[in-house]
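A look at the structure
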Amino acid sequence: MTRLRSIAFDPVDLDPLATVAGHVAVFVGADGKLGRAARRLDRLTRGALTRATTAESWAKKPEGEGVTLAWPAGMAAEALHLIRLERRPGLTEARRAGASLARMAGAKPLVVLAENLARVPQVALGLALRGYAFTDHKSERGEPLGAASFQCAKPEEVAAAAAPVLAVAEGVTFTRDLVNEPANVLTTTEFATRLEALRDLGVEVEVLDEPQMRDLGMNALLAVGEGSASPSKLVVMRWRGAEDAPLALVGKGVVFDTGGISLKPGAGMEDMTMDMGGAGVVAGVMKALALRKAAAHVVGLVGLVENMPSGTAMRPGDVVRSMKGDTIEILNTDAEGRLVLCDVLWYAQEVIKPAAMVDLATLTGACIVALGYENAAVYSNEDTFCGQFLRTAQTEGEGAWRMPLAQAYDDMLKSPIADMKNIGGRPGGSITAAQFLKRFVKDDVPWIHLDIAGVASLKTDSLLAPKGATGWGVLTLDRLVRARFETRPEAETDAEG
């Protein structure tokens, strides 16, 4: 299902430029100075590049964006794209240039004249990610994606640097595919089957069924799926690229969320196919790590359930006992994600014995009220771990903002009949959800909770994604693994491209 262009890295060959079909692209800095390939194109087009890049508007164009010359004179190409990019661009600018090429070229074959440009792998990443389209359920799927060739001075070195970067692109695309799928296709069983396919890449995959989870005492997770015909599952994916204690990535995988007996309003409920976004990100990271053969030990755990109303569904007022042993009074069956996560977090600590944990969930609408669609909410019990994550997210351009944890918020979860309630009321809803989860994290385990409700899927295009699933978090978590958990000293620099 992965829709990524075939991307090659080839030696520079200027002789056939006049006869190249499809689209051609070249990079020029703000000063308009033309490199060797650009000068060749300028001669073919009788000075068209000089005219375009000496215009007053050229230097004002944001770096990474450009102009298109349609059916350029002297060339067989359908279009010639001029991208304003300095020879040593920043990470964001390089990816923006690739995204611009994806929009400009569409599905057409593309020759990119990169010569001695730095960060070519990051340009390729932007091209791959922005060129994504989810068309599985369209009768007309559009043109197949044409191949892209980056012509550069040292193609073998560039290809080697690009391989792990494009592996991460495949992980992002895997996440997007999962999040974009409708719930009648991506059932809990189908989700587990797609994760089992990661075995082909060397990932160890174990699927726990309902009787096994019941024996473990995972009654909070199981309560969420009681109203659905789809069986609840826990999928454990292990990439054993090192022998250290693992990083555990935990994802909420509610394949569809009606709210249960506390039924959501009908308007907008169709968007709840993305309520498995946290599990989708975990899956994408695991695929990326396997594809690039990461020298790290990482375990991904996802709780797969469907929250439906029926005669067997959990009710407001019910009390369930978690795997930890704590009891939970259910006041709202639409606060179900934390019930899934609390049992998976406890399982991870008891069975996996992680060095650290990160959980991801499209957990609360309150997160969107607080931060909109620009940032995920970040909660943590350990400042150093959290600070490293935030720096990593900033480098990757994935919005993340730390939120508070405090006893006053935790007190809002007190129940008169159980150890805790599953909601703390409307004030601080994202925070009290995080406080709920913190009760299931041991004091000596560094932990980050990411509420990705606002960033997992968007109604508008973003820099590296068309509207729909974004794959937010795969880039950041892959870089975090490189920086903190990989054993190779060159792991962090490999990510730069």
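Everything below is about the structure printed above this text.
Residues numbered from 1 in each chain as written. Predicted model: local features only at pLDDT ≥ 70, side-chain atom pairs only at ≥ 80, totals over all residues. Heavy atoms only, no water.

**Details of the side chain of arginine 338**
Put simply, the test is: Numbered from the N terminus, helices here are DSSP runs of H or I no shorter than four residues, and strands are runs of E no shorter than two. Throughout this description, buried means an accessible area under 20% of the type-specific maximum (1.4 Å probe, protein chains only), exposed means over 50%, and partly exposed covers the range between. A residue counts as positive if it is Lys or Arg and as negative if it is Asp or Glu; His and the chain ends are not included. We count a salt bridge whenever a side-chain nitrogen from Lys or Arg sits within 4 Å of a carboxyl oxygen from Asp or Glu.
As for its placement among the helices and strands, arginine 338 is situated in helix α11 (residues 337-352). Aspartate 451 provides the closest opposite charge to the buried, salt-bridge-free arginine 338, at an N-O distance of 7.3 Å.

**Points about the sheet that holds strand β11 (residues 319-321)**
Condition: Only when DSSP finds a minimum of two bridges between them are two strands counted as paired.
Taken in spatial order, the three strands line up as β11-β12-β16 in an open sheet, and their pairing is mixed. Each edge of the open sheet carries a strand with a single partner, namely β11 and β16 (420-421). For strand β12 (residues 327-329) and β16, the ladder comprises two bridges, and the chain directions are parallel. For isoleucine 328, the partnering residue across the bridge sits in β16 and is methionine 420.

**Digging into the sheet that holds strand β1 (residues 7-10)**
Note: strands within a sheet are paired through backbone hydrogen bonds, in either parallel or antiparallel orientation. This is how the line gets drawn: Whenever a helix is involved, its axis is fitted only over the stretch in contact; in every case the axis is a line through C-alpha atoms, and angles between N-to-C directions fall within 0 to 180 degrees. Contact definition: two residues touch when any of their heavy atoms are within 4.5 Å.
Spatially, six strands are ordered β1-β6-β5-β2-β4-β3 in an open sheet, and the strand pairing comes out mixed. In this open sheet, the two edge strands, each paired with only one partner strand, are β1 and β3 (66-70). Each adjacent strand pair in this sheet contributes to an overall mean axis angle of 20°, direction not counted. For strand β2 (residues 23-28) and strand β5 (residues 110-115), the ladder comprises four bridges, and the chain directions are parallel. Of the residues in β5, the one forming a bridge with valine 26 is leucine 113. In the packing of helix α4 (residues 91-105) onto the sheet, contacts are made with β2, β3, β4 (79-84) and β5, and the angle to β4 comes to roughly 160°.

**Details of the nonpolar core**
Across soluble globular proteins, you tend to see nonpolar side chains buried next to one another. Applied cut-off: Side-chain atoms within 4.5 Å are what join buried Ala, Val, Leu, Ile, Met, Phe, Trp, Tyr and Cys residues into a set we call a nonpolar core.
In this structure, Phe9, Phe27, Met237 and Phe389 are the most contacted members of the largest nonpolar core, which totals 93 residues. For this core, the element with the most residues is helix α6 (residues 155-180), which contributes 10 residues. In contact with phenylalanine 389, other than residues within four places in its own chain, are Val378, Ala400, Ile448, Leu450, Trp472, Thr476, Leu477 and Leu480. Membership of the second largest hydrophobic core comes to 43 residues, among which are Met213, Leu339, Ile352 and Leu363.

**With respect to the side chain of serine 380**
Stated precisely, the cut-off is as follows: Polar contacts here mean pairs of N or O atoms no more than 3.5 Å apart (in protein, one a potential hydrogen donor and the other a potential acceptor; neighbouring residues in sequence count only if both atoms are side-chain atoms).
Checked against the element boundaries, serine 380 lands in strand β14 (residues 376-380). The exposure class assigned to serine 380 is buried, which follows from its relative accessible area of 6%. Among the polar contacts made by the side chain of serine 380, one reaches the main-chain carbonyl oxygen of tryptophan 447 at a distance of 2.8 Å. Here serine 380 is in contact with Cys386, Arg402, Leu405, Trp447 and Ile448, once residues within four sequence places are set aside.

Treat this as a map of the structure, not an account of what it does.
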